[in-house]
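Notes for the structure review
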Amino acid sequence: MERHIHRRLVFFGGKGGVGKTTCAAAFAWGAARAGKRTLLVSTDPAHNLGDLFGCAIGGEEREIAEGLWALEIDAQREVDRYLRQVKENLRRLLGGRMSASVERHLELTRQSPGTAEAALFDGIVDIVRRAPGAYDLVVFDTAPTGHTLRLLSLPEVLGAWIDGLLRRRKEVTALHHRLLFDGGEPAPDPVAEALAARREAFAEVRAIFLDPEQTAFVFVLVPEKLPIHETAKAIAVLEGQGIPCPTVIVNRLLPPGDGSAFLAARRAQEAKYLAEIARRFANKERITLPLLPRDIDGPEALAQVAERLFAPAQATTGAAGGTWCEERARENR
Ligand SMILES: Nc1ncnc2c1ncn2[C@@H]1O[C@H](COP(=O)(O)OP(=O)(O)OP(=O)(O)O)[C@@H](O)[C@H]1O
Ligand SMILES: [Mg+2]
């Protein structure tokens, strides 16, 4: 896992509640401690990074620990910003006036399916493009799987969609020009230029997503039937698109030792699913995290998780010595 701190982008995904936010935050924390200027971004509409770090995090990047910045992308705010921009462009093109029907159409767009995702994706594209220089590493805490898969397929889908728009736009402007000016060189088209720039930004980000040196998608799961199936399916979709998914984190492993019949039954089930995980994710780096006695909350607990993420040999033994992470946690108390 430690090798991923040298990437530009690391995404954490998985089924609802499996520990994505915890692992993303612990990884980002550890990367910052290792000297990487790290930005931790939540793309989940139900943000909870703030709860985890015990401080308010919002739509503006803020430094929450030394070398660690955080940001919660607000999809609705991105939609508003995006529609404002579209309206400004339209007003400029239409000489300051916009018909009531166009206004109405734009207002409907605000509520249309896909608008929030497209706007969220624009926010991600923006971060990925301006990160170099500002940050060494950007860590994304994503929403539960389905939402994230749709989001990450957007560069391809939107790219093709923009190509279609551009083609139609060119045909219409060429016709318009022929009718009005009877030939001659068509004037520059600011709408086509804006679309082409967006297309280029998507292509740039997509190239980064597909590069295993720059990007890793880490799946978090728990050793149970449905999370295993969902993770395997999601990895197949992402790898099918060329997005590298080299690592799975198996969270909440039961503690060793004998206990009640209940615990023995849970452990027997766990052993079965761990064997299935080893088989189905045989070509992946597999990291295990124990179920801790309490929720993971605050810097000290995150430091403990980071230690286990970065030292997988210790992960299954549950050893927690006085390593660098814990020392830093003590200093920060
Ligand atoms: N190994 C663990 N031991 C104990 N508690 C854990 C462990 N991993 C996660 N938790 C706790 O489980 C809860 C859910 O974790 P987390 O918020 O990281 O999941 P998530 O996958 O991000 O959830 P969501 O899908 O809602 O975003 C949190 O209260 C967290 O502290
Ligand atoms: Mg979460």
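Note: the structure precedes this text.
This is a predicted model, so every value here is computed, not measured. (Residues numbered from 1 in each chain as written. Chains lettered and ligands numbered in written order. Predicted model: local features only at pLDDT ≥ 70, side-chain atom pairs only at ≥ 80, totals over all residues. Heavy atoms only, no water.)

Examining the overall build of the protein chain
Keep this limit in mind: Each helix corresponds to a stretch of at least 4 residues labelled H or I by DSSP, and each strand to a stretch of at least 2 residues labelled E; elements are numbered beginning at the N terminus. Each residue is placed in one exposure class: buried if its accessible area under a 1.4 Å probe, protein chains only, is under 20% of its type's maximum, exposed if it is over 50%, and partly exposed if it falls in between. In what follows, a contact means two residues having at least one pair of non-hydrogen atoms within 4.5 Å. Using a 1.4 Å probe, the Shrake-Rupley method yields the accessible areas, and only the shown protein chains count as cover for residues.
Helix and strand counts for the protein chain come out as 13 helices and eight strands. Buried positions account for 45% of the 333 residues belonging to the protein chain. Partitioning the contacts of the protein chain with sequence separation of at least 6, the portion at a separation of at least 24 is 74%. As presented, the protein chain carries roughly 16,800 Å² of accessible surface, and 53% of it is formed by carbon and sulfur atoms.

A few points about the pattern of salt bridges
For the record, the criterion: Any Lys or Arg side-chain nitrogen located within 4 Å of an Asp or Glu carboxyl oxygen qualifies as a salt bridge.
A full pass over the atoms with the stated rule returns 13 salt bridges. The partner of R81 in a salt bridge is E78, with the nearest N and O atoms 2.8 Å apart. With a gap of three residues between them, R81 and E78 both fall in helix α3 (residues 75-93), about one helical turn apart. Put simply, R266 and E224 hold a salt bridge, and the shortest N to O gap is 3.4 Å. One end of the pair, R266, is in helix α10 (residues 261-280); the other, E224, is in the loop between β6 (215-221) and α9 (225-240), and 42 residues separate them in sequence. Residue R266 is classed as partly exposed on the basis of its relative accessible area, which comes to 33%. Overlapping salt bridges bring together E61, D126 and R130 as one network.

A closer look at the packing of aromatic side chains
Let me state the cut-off plainly: Two rings from Phe, Tyr or Trp (for Trp, the six-membered ring) form a pair when their centres are within 6.5 Å of each other. A pair whose planes differ by under 30 degrees is stacked, one over 60 is edge-to-face, and the rest are tilted. Whether a charge sits over a ring comes down to the Lys NZ or Arg CZ being within 6 Å of the ring centre and within 35 degrees of the ring normal.
Counted by the stated rule, this structure contains nine aromatic pairs. Here the aromatic rings of F12 and F27 are separated by 5.5 Å at their centres, their planes lie at 50 degrees, and the arrangement is tilted. Placement of F12 in strand β1 (residues 9-13) and of F27 in helix α1 (residues 20-33) is noted, with a sequence separation of 15 residues between them. Overall, the relative accessible area of 0% leaves F12 in the buried class. The class of F27 is buried, set by a relative accessible area of 0%. By way of ring pairs, the aromatic residues F11, F121, F140, F202, F209, F217 and F219 are connected into one cluster. If you follow R33 out to its NZ or CZ, it ends over the ring of W29, 4.7 Å from the centre.

Describing α1
Put simply, the test is: Under the convention used throughout, the expected extent of a helix is 1.5 Å for every residue step, that is, one less than its residue count.
Taking 1.5 Å per residue, 14 residues should reach 20 Å; α1 reaches 20 Å between its end C-alpha atoms and fits that length. Within α1, 13 of the 14 residues are buried, leaving the element largely enclosed by the surrounding structure. Backbone geometry just after α1 places G35 at a positive phi near 100 degrees.

Section: the site of ligand 1
Short version of the rule: For each residue, the test is whether any non-hydrogen atom lies within 4 Å of the molecule or strand; if one does, the residue is near. We call two N or O atoms a polar contact when they sit within 3.5 Å, provided that within protein one can donate a hydrogen and the other can accept it, with sequence-adjacent residues counted only if both atoms are side-chain atoms.
The environment of ligand 1 is formed by 18 residues, the closest being G17, K20, T21, T22 and I296. Contact between ligand 1 and T21: an oxygen atom at 2.8 Å from a side-chain N or O atom of the residue. Between an oxygen atom of ligand 1 and a side-chain N or O atom of T22, the distance comes to 2.5 Å. Isolated, ligand 1 exposes 640 Å² of accessible area, and the fraction of that covered by the protein chains is 81%. Among the secondary structure elements, those contributing two or more residues to the shell around ligand 1 are α1 and β7 (247-253). The biggest single contributor to the shell around ligand 1 is α1, with three residues.

Remarks on the pairing of strand β2 (residues 38-42)
Rules: In short, DSSP must find at least two bridges between two strands for them to pair.
Across the five residues of β2, five count as buried, placing the element largely inside the fold. Of the two faces of β2, the one carrying T38, L40 and S42 and the one carrying L39 and V41 are both buried. The sheet contact formed by β2 and strand β4 (residues 68-72) spans five bridges and is parallel. Residue pairing in the sheet places S42 in a bridge with E72 of β4. Looking at chain direction, β2 and strand β5 (residues 137-141) are connected through five bridges and run parallel. Opposite L39, over in β5, you have V138 as the bridge partner.

Focus: the sheet that holds β7
Stated precisely, the cut-off is as follows: Between the N-to-C directions of two axes lies an angle of 0 to 180 degrees, each axis being a line fitted to C-alpha atoms and, for a helix, fitted only over the stretch in contact.
Read from one edge to the other, the open sheet built from eight strands follows the order β3-β4-β2-β5-β1-β6-β7-β8, with strand pairing classed as mixed. In this open sheet, the two strands that pair with only one neighbour each are β3 (62-65) and β8 (285-290). Ignoring which end each strand starts from, the neighbouring axes of this sheet average 25 degrees apart. Bridge analysis of β1 against β5 gives four bridges, and the strand direction is parallel. The residue of β5 that forms the bridge with L9 is V138.

Looking at unusual backbone geometry
Positive phi outside glycine occurs at R252, with the angle close to 65 degrees. Structurally, the position occupied by R252 is in strand β7. Look at R252 and you get partly exposed, because its relative accessible area is 37%.

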